[in-house]
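Breakdown of the fold
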Amino acid sequence: MHIPDGFLNSGTSGSLIVAAVGFLSLAVSRVRQGFFEKVRTATLATPEGAEFGSTTVAKLTSYGRNKMFRMAVVGAFVFAAQMVDFPVVHGTSGHLLGGVLAAILLGPWAGMLVIAAVLAVQSLMFADGGLVALGANIINMGVIGAVGGYYAYRFLFKRIKKVLPAAFIAAWLSVVVAASVCAVELSVSGTENLAQSFSAMAGIHALIGLGEGLITVMVLIGLKHKEKNNE
Amino acid sequence: MNKKYIYLALIAFLIGGIVSLFASSSPDGLEKVAEDKGFIQTALDYPFQTLLPDYTFPVNNEYLATALAGTIGTVVVFLIILLAGKVLFPARPGAGT
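One structure accompanies this document, and this report is about it. Owing to the predicted nature of the structure, the values given are computational and were not obtained by experimental measurement. (Residues numbered from 1 in each chain as written. Chains lettered and ligands numbered in written order. Predicted model: local features only at pLDDT ≥ 70, side-chain atom pairs only at ≥ 80, totals over all residues. Heavy atoms only, no water.)

**With respect to the overall build of chain A**
On a plain count of helices and strands, chain A comes out with seven helices and six strands. Moving toward the C terminus, one meets the helices and strands of chain A in the order α-β-β-β-β-α-β-β-α-α-α-α-α. Expressed along its principal axes, the backbone C-alpha trace of chain A runs to roughly 75 × 40 × 30 Å. Nonlocal contacts in chain A, meaning residues at least 24 apart in sequence, comprise 68% of its contacts between residues at least 6 apart. Here chain A displays about 9400 Å² of accessible surface, and carbon together with sulfur accounts for 66% of that area. Here chain A holds 16 positive side-chain charges and 11 negative ones, and the gap between their average locations is 12 Å. (Helix = DSSP H or I, 4+ residues; strand = E, 2+ residues; numbered from the N terminus. Contact = heavy atoms within 4.5 Å. Areas by Shrake-Rupley, 256 points an atom, 1.4 Å probe, with all protein chains shown as cover. Lys, Arg positive; Asp, Glu negative; His and termini not counted. Charge placed at Lys NZ, Arg CZ, Asp CG, Glu CD.)

Right, dumping it as structure tokens:
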């Protein structure tokens, strides 16, 4: 679903670049909050425990260090998995988007950053997905795919109480919704009328989404993923 | 905890380097729609020459070309995210500024 340059007009691509930058900075600040702890250090202290001129500094926690490693691994996995296009119906293929998978494993904002990093490398290094369309692709697959998909997953998980069915449905939904939004962007750009592009995009991605759900569930099983209920 | 992720990293490299050879070469969902609806020709060429366009490493063997591109891409994504993490979330923020 990587939009090349030219499909979207400059107004649409431009606004989506601005939106993507906004979401990226929001994601960075949300992820940062979880990575640091405030540590009070006394500049002067007596053996009795009295402290003078103490300052608080933020310190990267071992959780943060660990999470960065996991983000890099999930990014590498999503990139690799996206290379494997699977056949859907005759003459059409699909591949994992990985938004819901990354978000379930890492949380919505870290998941979104990982997808954005994958999309940036794919565009800048492999010319997969346009440069001007990178904002649109980050919105569709990162923001809608990972953040939107994550909240769909949480909504479903609270009701079904089972990780795998909730993940499968959310993964499927994230692909169909991302494809539908892509159709809207195409129609706003005047490339194709909404009815045509919407039915075609949602239709084919309803099938591709099944693959998304399957791969997402397989990876979660492989990692023996369990939900902590404290979120 | 991290052990599982080390396995996931190894699987990622296997997929990027080997499983990627079995990828379908059919157009993806969006490309197919663009072909069917006749707006595929509105796609523009990428604005500059990228390192490995179309996931092809410049060697004569097409399998090797894909395997190398997949492996390099997987490694690059891994390193870029680690590097971005070091820059965005430095261990001692403010120490360098």
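**Observations regarding the pattern of salt bridges**
Scanning all chains against the criterion turns up two salt bridges over all chains. A:Arg154 is paired through a salt bridge with A:Glu227; the nearest N and O atoms lie 2.9 Å apart. In this pair, A:Arg154 sits in helix H5 (residues 134-160) while A:Glu227 sits in the segment after helix H7 (194-222), placing the two residues 73 residues apart along the sequence. Assessed through its relative accessible area of 7%, A:Arg154 is described here as buried. Across the pair B:Asp36 and B:Lys32 runs a salt bridge whose closest N-O atoms are separated by 3.8 Å. With B:Asp36 and B:Lys32 both in helix H2 (residues 29-36) and four residues apart, the pair spans about one turn of that helix. (Salt bridge = Lys/Arg side-chain N within 4 Å of Asp/Glu carboxyl O. Buried < 20%, exposed > 50% of the residue type's maximum accessible area, 1.4 Å probe, protein only.)

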